Amino acid sequence: MRVLGVDPGLTRCGVGVVEGVAGRPLTMRGVGVVRTPADAELGHRLVAIEHGIEQWLDEYRPEFVAVERVFSQHNVRTVMGTAQASAVAMLCASRRGIPVALHTPSEVKAAVTGSGRADKAQVGAMVTRLLRLDAPPKPADAADALALAICHIWRAPAQNRLQQALALHASKPATAPKGRIA
């Protein structure tokens, strides 16, 4: 499985491609950051992010795209920019028919480090170890993108089984409970 992880942001949008399957060593295929100038017009920044993500999709041809789920913070301006960059990533993948998965920051931290409260240094250290890298990817947005891809590779098989079970359950006809007849 090849996954493009996207850590959305307007100034720095982390991207990283990881390949492998759960239970086996994983391989980093690429890591980087799509950057936009903070003083540029919002529309131009979103187009730049779109072009950057499209280049990653063209070069690495991922089977899945994992994007950090935007959560509410105190700074509404930051949340809006993150949500807009996130939407661009989802749009680019969906336009190509690539499935998109959203993972919360605590879900990613827990998957990669064992603790949903891990800090950025801990995430970077575990990404470095798991992918057998010489040093943590810089900036932290790049390491976070790789962590998203790792999380998806490890969690996708369980999520797929759950979705299949729910679909199977939903397709069975409902039966009346056994017992007294009124």
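It should be noted that the structure appears before, not after, this text.
The sections below set out a description of the structure shown in this document. For clarity, every value in this text was computed on a predicted model and none was experimentally measured.

Comments concerning the environment of alanine 140
Stage number 1. Tracing the sequence through the fold places alanine 140 in helix α5 (residues 140-171).
Stage number 2. Measuring from C-alpha to C-alpha, the distance between alanine 140 and valine 123 comes to 8.8 Å, with 17 residues separating the pair along the chain.

Quick notes on the sheet that holds strand β4 (residues 64-68)
Stage number 1. The strand order across the open sheet formed by 5 strands is β3-β2-β1-β4-β5, and the pairing between neighbours is mixed. Two strands lie at the open edges of the sheet, namely β3 (27-35) and β5 (100-103), each paired on one side alone. The average angle at which neighbouring strand axes cross in this sheet is 20 degrees, direction not considered.
Stage number 2. Note: β4 against β5, 4 bridges, orientation parallel. Across the sheet, residue alanine 66 finds its bridge partner in β5, namely alanine 101.

Remarks on the nonpolar core
Stage number 1. If you look at the biggest cluster of nonpolar residues, it comprises 20 residues, and the most contacted ones within it are Leu4, Val6, Ile49, Ile53, Trp56, Leu57 and Val65.
Stage number 2. Those elements that place two or more of their residues in this core are β1 (2-7), β2 (12-19), α1 (42-60), β4 and α2 (76-95).
Stage number 3. The residues contacting leucine 4, other than those within four sequence positions of it, are Val15, Gly16, Val17, Trp56, Leu57, Pro62, Phe64, Val65 and Ala66.
Stage number 4. Core analysis: the second largest hydrophobic core is formed by 18 residues, Val3, Ala118, Val127 and Ala149 among them.

Thresholds, definitions, all that
Residues numbered from 1 in each chain as written. Predicted model: local features only at pLDDT ≥ 70, side-chain atom pairs only at ≥ 80, totals over all residues. Heavy atoms only, no water. Helix = DSSP H or I, 4+ residues; strand = E, 2+ residues; numbered from the N terminus. Pairing = 2+ DSSP bridges. Axes fitted to C-alpha atoms, helices over the stretch in contact; angles between N-to-C directions. Core = buried A, V, L, I, M, F, W, Y, C linked by side-chain atoms within 4.5 Å. Buried < 20%, exposed > 50% of the residue type's maximum accessible area, 1.4 Å probe, protein only. Contact = heavy atoms within 4.5 Å.

Nothing here speaks to function; it is all geometry.
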